[in-house]
Amino acid sequence: MFAEVSLSFYSPEHSTALSTFELPKKQLQFTALPLTALQACDEDESRHPVVIMYQGKPAGFFVLHHGPGISPFTENPNALFIRALSVHPAYQGKRVATRAMLALPGFASVHFPFCNELVLAVNEKNFAAQQLYFKAGFQDKGQRRAGTIGIQYILQLPLASP
């Protein structure tokens, strides 16, 4: 039986657990730590921090971003862009990220009813993340973008129209 994985908007009660996040250098080149991403959320109300809960404890984190700030990645005004996904090393290998991404369409439809697509950028060298996103149903339609450390694949997951 799988342990419970759920998604929750960030609240201050999560901050202690999220402040302990450290990632191996190999992973850190591809994402931001939760506290760094939270600072960007504080400065931009179109960024919504989400905590991945595993057995009732914060195990991962990502940001859902909408509005003009996602235009480099999509022209869809009803898209949500996923940023800064990370899973604490203690919870890696437990399918936490996969189950979180599988739960995300339902979470998005409840909290962002305008949303008809999830979009993300993944580095061409980040094979583990690519595998995760493809398992969760994201599609590669051939869109590419130059990132700070190499080419990024823009992946999309269509959702039911609002």
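What you see is a predicted model; the values in this text were computed from it and never measured.

Cut-offs used in this document
Residues numbered from 1 in each chain as written. Predicted model: local features only at pLDDT ≥ 70, side-chain atom pairs only at ≥ 80, totals over all residues. Heavy atoms only, no water. Helix = DSSP H or I, 4+ residues; strand = E, 2+ residues; numbered from the N terminus. Rg over C-alpha atoms; globule rule 2.2 N^0.38 Å. Buried < 20%, exposed > 50% of the residue type's maximum accessible area, 1.4 Å probe, protein only. Contact = heavy atoms within 4.5 Å. Lys, Arg positive; Asp, Glu negative; His and termini not counted. Charge placed at Lys NZ, Arg CZ, Asp CG, Glu CD. Phe/Tyr/Trp six-rings, centres within 6.5 Å; stacked < 30°, edge-to-face > 60°.

Engineer: How should the overall build of the protein chain be read in this particular structure?
Structural biologist: For the protein chain, the count of helices and strands is five helices and seven strands. For 162 residues, the compact-globule formula gives about 15 Å, and the C-alpha radius of gyration of the protein chain, at 15 Å, lands near that figure. Taking the principal axes of its C-alpha atoms as reference, the protein chain extends roughly 35 × 35 × 35 Å. Buried residues in the protein chain amount to 46% of all 162 residues. Nonlocal contacts in the protein chain, meaning residues at least 24 apart in sequence, comprise 63% of its contacts between residues at least 6 apart. For the protein chain, the centre of its 13 positive side-chain charges and the centre of its 11 negative side-chain charges are spaced 12 Å apart.

Engineer: What is the right way to look at the packing of aromatic side chains in this model?
Structural biologist: The relative placement of two aromatic rings is captured by the distance of their centres and the angle of their planes. Summed over the entire model, instances satisfying the criterion amount to six aromatic pairs. Ring geometry for Y54 against Y91: centres 5.5 Å apart, planes inclined by 70°, an arrangement best described as edge-to-face. Taken together, the positions of Y54 in strand 2 (residues 47-54) and Y91 in the loop between strand 4 (79-87) and helix 4 (96-111) put the pair 37 residues apart, joining distant regions of the chain. Here the two residues Y54 and Y91 agree in accessibility, since each one is buried. Ring geometry for F73 against F81: centres 4.1 Å apart, planes inclined by 20°, an arrangement best described as stacked. Note on F73: relative accessible area 8%, which makes it buried. Its relative accessible area of 3% is what places F81 among the buried residues.

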